[in-house]
Amino acid sequence: MILYDFRCQEGHRFEAGIESMLADNPACPGCGTATSRVPSAVRIGGAADAGPSRAEMPHSWQGIDRGRPEAVAHWRSKIEKREKLEAKYPELAGDRRPILAHEGIFQGRPLRAGDDIGASVASATAAAARASESRASTASTATRRGAGA
């Protein structure tokens, strides 16, 4: 069995095994149209690199060196590569919903579009209360240690 890459007339790409190099091409599993063989991509082991994540990319004018053309071109190519990768592997994209609130009780766990606001506020308020209690208990323990010394 030989593995080949195929492409249909609709643009779908897939890999399939056939008995010999003289065998007929299989129909597209997505749409059933005729296919043609595509030269296989060269696979170089150990060279996978997802590149910088969206969080690591610059989000300001300062981040792209005040709009210097070389810096803009560099980051544009990085962003385009990342978008292609995320289109192929959506699990790498992460949560792309807009952030509605990220300060105060939502620091560290932002409120995003589509979240249940009531549940998010209750959860964030409870977490903030636990953090406050923890800080107060740490401060009173430090005070007792300081008084005993």
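Refer to the preceding data block for the structure.
All of the points below concern the structure found in this document. Values in this document were obtained by computation on a predicted structure and should not be read as measured data. (Residues numbered from 1 in each chain as written. Predicted model: local features only at pLDDT ≥ 70, side-chain atom pairs only at ≥ 80, totals over all residues. Heavy atoms only, no water.)

Helix and strand content of the protein: 2 helices and 5 strands. Element order for the protein, N to C, with α for helix and β for strand: β-β-β-α-β-β-α. Taking all 149 residues of the protein together, the buried fraction comes to 15%. Surface accessibility of the protein: about 11200 Å² in total, with carbon and sulfur atoms responsible for 55%. (Helix = DSSP H or I, 4+ residues; strand = E, 2+ residues; numbered from the N terminus. Buried < 20%, exposed > 50% of the residue type's maximum accessible area, 1.4 Å probe, protein only. Areas by Shrake-Rupley, 256 points an atom, 1.4 Å probe, with all protein chains shown as cover.)

Looking now at unusual backbone geometry. Positive phi, close to 55°, is recorded for Asp 65, a residue that is not glycine. Within the fold, Asp 65 resides in the loop between strand S3 (35-38) and helix H1 (69-88).

Moving on to the sheet that holds strand S2 (residues 13-18). Overall, antiparallel pairing links the 3 strands, which are arranged S2-S1-S3 in an open sheet. Both outer strands of the open sheet, S2 and S3, are each paired with one neighbouring strand and no more. Across the sheet, the mean angle from the axis of one strand to that of its neighbour is 45°, orientation sign disregarded. The pairing of strand S1 (residues 2-8) with S2 spans 6 bridges and is antiparallel. Following the sheet pairing, Tyr 4 is matched in S2 by Ala 16. (Pairing = 2+ DSSP bridges. Axes fitted to C-alpha atoms, helices over the stretch in contact; angles between N-to-C directions.)

The final tally for this structure, using the stated rule, is 2 aromatic pairs. Between Phe 6 and Phe 14, the aromatic rings sit 5.5 Å apart at their centres with planes inclined by 25°, giving stacked as the arrangement. Using a relative accessible area of 0% as the deciding quantity, one classes Phe 6 as buried. For Phe 14, a relative accessible area of 15% gives the class buried. Each residue in the set Tyr 4, Phe 6 and Phe 14 is aromatic and connected to the rest through ring pairs, giving one cluster. Against the face of Tyr 4 rests Arg 37, its NZ or CZ located 4.4 Å from the ring centre. (Phe/Tyr/Trp six-rings, centres within 6.5 Å; stacked < 30°, edge-to-face > 60°. Lys NZ or Arg CZ within 6 Å of the ring centre and 35° of its normal.)

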